[in-house]
Amino acid sequence: MPNRHVIKFTLAIVAAGVASAQVGAPAGGGQNQGSRATQIPLSGRPGQAGSVGVTQIPVPGQTSSINTLNTTIQVGGNYSGSISSGPSTPGILSISLDESIRRGLQFNLGTVGFEQSIRQARGQRYVALSQLMPNISADLRETAAQTNLAATGFSFKTPGFEIPSVVGPYHYFDLRASLTQTVADLTTLRNYRAANESLRATQLSAQDARDLVVLAVAGSYLQVITAAARLDSARAQVATAQASFDQAADRHRAGLAPRIEETRSKVELQTQQQRLSSQQVDVAKQKISFARLIGLPPGQELNLTDALPFAPLTAVTLDQAIERSLRDRLDLKAAEVQVHAAELIRKAASAERYPTASVNGDYGAIGPNPNNSHGTFTVTGSVHIPIFTGGRIRGDIQQADAALQARKAEYQDLRGRVEADVRNAFLDLNAAADQVALSRSNQELAQETLVQARDRFAAGVATTVEVVQAQESVASAEQDFISSLYAHNLGKASLARAMGQADQTIKAFLGGKH
């Protein structure tokens, strides 16, 4: 009998220990600090993954004091690269502006990178949602143990009766499913809503990145066209210089002109040949950069089919452009959504002061073996009331409020910058249109001057100095006209970007094949 009592008493102690282990600490116990607001960075602007911009800088003219506009498209970061669309196409690939834009939207890293940003934001939303959904898990445990009661300070001895100081070895298994469910938690709910807004902002930013890709591709397409036009002009100048040199050489052999006239013409011919060589290199490099933008191999031979000549822009006024930009610019919409997300985070931080309620439960079978087990369950409802957190909640609110104020300031700044982009684009566009008209007139006058100079030289009433000067004036006028035409078309592309929905607007502004 004593042995039976000892066994029962010992098993009762072991059972109490097992029950304590299977129930665990109550929900909302000592270490639970409650839900916390998810903090966001002070700045809502995307990281410096890349940029696309148009710059126009006045530069001195080549042969006069007249300043002309030097317009360039600057593409940096991810927007200057792409993923490969496949191997090179045999021969020369003819490509239009529409096809180039389509390829750019498909293969440029600017859009590809934002696709991953959307996936990341969607994953963060799922994480926030998981805090509101039931969390269910299952555990299977097989335990073998031997307990030293003396080590815990337990000792029980009576005359004729003694509990062993070491119990076991014994073993048991436990198959159990657990559920945790948040019942009421405003902080977690607002965190989830903020995650939804952050996902929307990322999606809008991704669509805005498409506008930047369109601007980058269209601007680079125009650069290649412009470089090719400069190359054609350089070839024409070489031909003109060659004709002038032949004329001077013939007059020298005939004794009608001194040798210096032939030498001066030779110098001008070689100068034009050097310009031709540099223009050939520039065209090749421009095509390599353009191919990189749209996913083509750098060695692909290209033929750009759209010439895009000068056409005045009369389809939109300044006020219409500003109104449309404030309505359609996707980066402005993204900034507005980011403000809303920051407001939700601010409310989530304030809600950390409110009580939260949750339910925890488990059900399972426990026993020495599966054939000798019994079902057990635990259900715990808990309410967590924050009383003193050492200033943590106040700090979270201050951080969230700082981010909110920063997002509001960024939105106001971006709204002003959007209008400034439109106004600058209109100024550049009008200036470029004036430059086109003036440079076209200068081009005609320079050609007329060159014809007269060559006729005067042939008649023996002028020297090659006058001919060389006229040739340089023609070359300069040609370059000015090409640059101003490029500036005007690039101004259209820049305005399309400034107004928003560039992939549609830019086609209407630049037109189709010409």
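Whatever comes next refers back to the structure up there.
Residues numbered from 1 in each chain as written. Predicted model: local features only at pLDDT ≥ 70, side-chain atom pairs only at ≥ 80, totals over all residues. Heavy atoms only, no water.

Some remarks on the overall build of the protein chain
Logical step 1: Of the regular secondary structure elements, the protein chain holds 10 helices and 10 strands.
Logical step 2: Element-wise, carbon and sulfur atoms account for 54% of the exposed surface of the protein chain, whose accessible area totals about 27,000 Å². (Helix = DSSP H or I, 4+ residues; strand = E, 2+ residues; numbered from the N terminus. Areas by Shrake-Rupley, 256 points an atom, 1.4 Å probe, with all protein chains shown as cover.)

Section: the sheet that holds strand β10 (residues 372-384)
Logical step 1: Ordered in space as β4-β7-β9-β10, the 4 strands form an open sheet in which the pairing is antiparallel. Edge positions in the sheet fall to β4 (135-148) and β10, since each has one partner strand and no second. Geometrically, the sheet is characterised by an average inter-axis angle of 20 degrees between neighbouring strands, direction not taken into account.
Logical step 2: As paired elements, strand β9 (residues 356-369) and β10 share 12 bridges and run antiparallel to each other. Note that in β10 the partner of V359 across the bridge is G381. (Pairing = 2+ DSSP bridges. Axes fitted to C-alpha atoms, helices over the stretch in contact; angles between N-to-C directions.)

With respect to the nonpolar core
Logical step 1: Within the largest apolar cluster, 51 residues are counted, with the highest numbers of intra-cluster contacts made by F290, L302, L304, L495 and I506.
Logical step 2: Considering every element that reaches this core, the biggest residue donor is helix α4 (residues 186-253), with 14 residues.
Logical step 3: In this structure L302 touches I92, L93, I95, K287, F290, A291 and L296, once residues within four positions along its chain are discounted. (Core = buried A, V, L, I, M, F, W, Y, C linked by side-chain atoms within 4.5 Å. Buried < 20%, exposed > 50% of the residue type's maximum accessible area, 1.4 Å probe, protein only. Contact = heavy atoms within 4.5 Å.)

Some thoughts on the side chain of S100
Logical step 1: Turning to its location among the elements, S100 is positioned in helix α2 (residues 97-107).
Logical step 2: Sequence-distant contacts of S100, that is, excluding residues within four places in its chain, are made with I95, V217, Y221, F290 and I294.

Topic: the packing of aromatic side chains
Logical step 1: Under the criterion given, the structure shown has 1 aromatic pair.
Logical step 2: With a centroid separation of 5.7 Å and 75 degrees between ring planes, the pair formed by Y221 and F290 is classed as edge-to-face. Linking Y221 in helix α4 with F290 in helix α5 (residues 259-293), this pair joins segments that are 69 residues apart in sequence. The same class applies to Y221 as to F290, namely buried.
Logical step 3: If you follow R251 out to its NZ or CZ, it ends over the ring of F457, 5.1 Å from the centre.
Logical step 4: Sitting over the face of the ring of F245, K266 holds its NZ or CZ atom 5.1 Å from the ring centroid. (Phe/Tyr/Trp six-rings, centres within 6.5 Å; stacked < 30°, edge-to-face > 60°. Lys NZ or Arg CZ within 6 Å of the ring centre and 35° of its normal.)

Observations concerning the packing of α4 against helix α9 (residues 464-499)
A pair of packed helices can be characterised by two numbers: the angle between their axes and the separation between those axes.
Logical step 1: At a minimum axis distance of 10 Å, the contact between α4 and α9 shows a crossing angle of 170 degrees. Compared by their axis directions, α4 and α9 come out roughly antiparallel.
Logical step 2: When its residues are assigned to classes, the contact of α4 with α9 shows 13 nonpolar, 13 polar and 5 charged. (Parallel < 35°, antiparallel > 145°, perpendicular 65-115°, else oblique. Nonpolar A, V, L, I, M, F, W, Y, C, P; charged D, E, K, R; others polar.)

Let's talk about unusual backbone geometry
Logical step 1: Omega for the peptide link from G168 to P169 comes to 5 degrees, which places this bond in the cis form.
Logical step 2: Here P169 is to be found in strand β7 (residues 166-184).
Logical step 3: The phi angle at L308 is positive, at roughly 55 degrees, despite the residue not being glycine.
Logical step 4: Looking at the secondary structure, you find L308 in the loop between β8 (301-304) and α6 (318-328).
Logical step 5: In the Ramachandran plot, Q501 falls in the positive-phi region, its phi being about 50 degrees despite a non-glycine side chain.
Logical step 6: Note on placement: Q501 falls in the loop between α9 and α10 (502-510).
Logical step 7: Note on Q501: relative accessible area 30%, which makes it partly exposed.

Examining α6
Logical step 1: Within α6 the residues assigned to the buried category are A321, I322, S325 and D328. The buried residues of α6 all sit within an arc of 150 degrees when viewed along its axis, so they share a single face. Across α6 from its buried face, at more than 90 degrees, point the exposed residues D319 and E323.
Logical step 2: On its buried face, α6 is in contact with α7 (330-350), α8 (392-458) and α9. (Arc of directions from axis to C-beta.)

Points about a nonpolar patch on the surface
Logical step 1: Taken together, the side chains of V183, V359, Y363, F377 and V379 present a nonpolar region at the surface, about 540 Å² in accessible area.
Logical step 2: At the level of secondary structure, the elements contributing two or more residues to the nonpolar patch comprise β9 and β10.
Logical step 3: Take F377: its relative accessible area is 60%, and that puts it in the exposed class. (Patch = residues over 30% accessible without salt bridge, like charges linked within 9 Å, V, L, I, M, F, W, Y side chains within 5 Å. Salt bridge = Lys/Arg side-chain N within 4 Å of Asp/Glu carboxyl O.)

A short note on the environment of I385
Logical step 1: Tracing the backbone shows I385 in the loop between β10 and α8.
Logical step 2: Judged by relative accessible area, I385 falls into the exposed class, the value being 53%.
Logical step 3: Taking the C-alpha atoms as reference points, I385 and T356, 29 residues apart in sequence, are found 6.8 Å from one another.

A closer look at the environment of R292
Logical step 1: Checked against the element boundaries, R292 lands in helix α5.
Logical step 2: A residue is classified by how much of its surface remains accessible, and R292, at 33% relative accessible area, is partly exposed.
Logical step 3: On a C-alpha basis, the gap between R292 and F107 in space is 9.5 Å, while along the polypeptide they are 185 residues apart.
Logical step 4: Those residues in contact with R292 that sit more than four places away from it in its chain are S80, G81, S82 and P298.

Details of the pairing of β8
Logical step 1: Of the two faces of β8, the one holding L302 and L304 is buried and the one holding E301 and N303 is not buried anywhere.
Logical step 2: Of the strand pairs in this sheet, strand β3 (residues 92-95) and β8 are connected by 4 bridges, and their pairing is parallel. Looking at the pairing, L93 lines up with L302 of β8.

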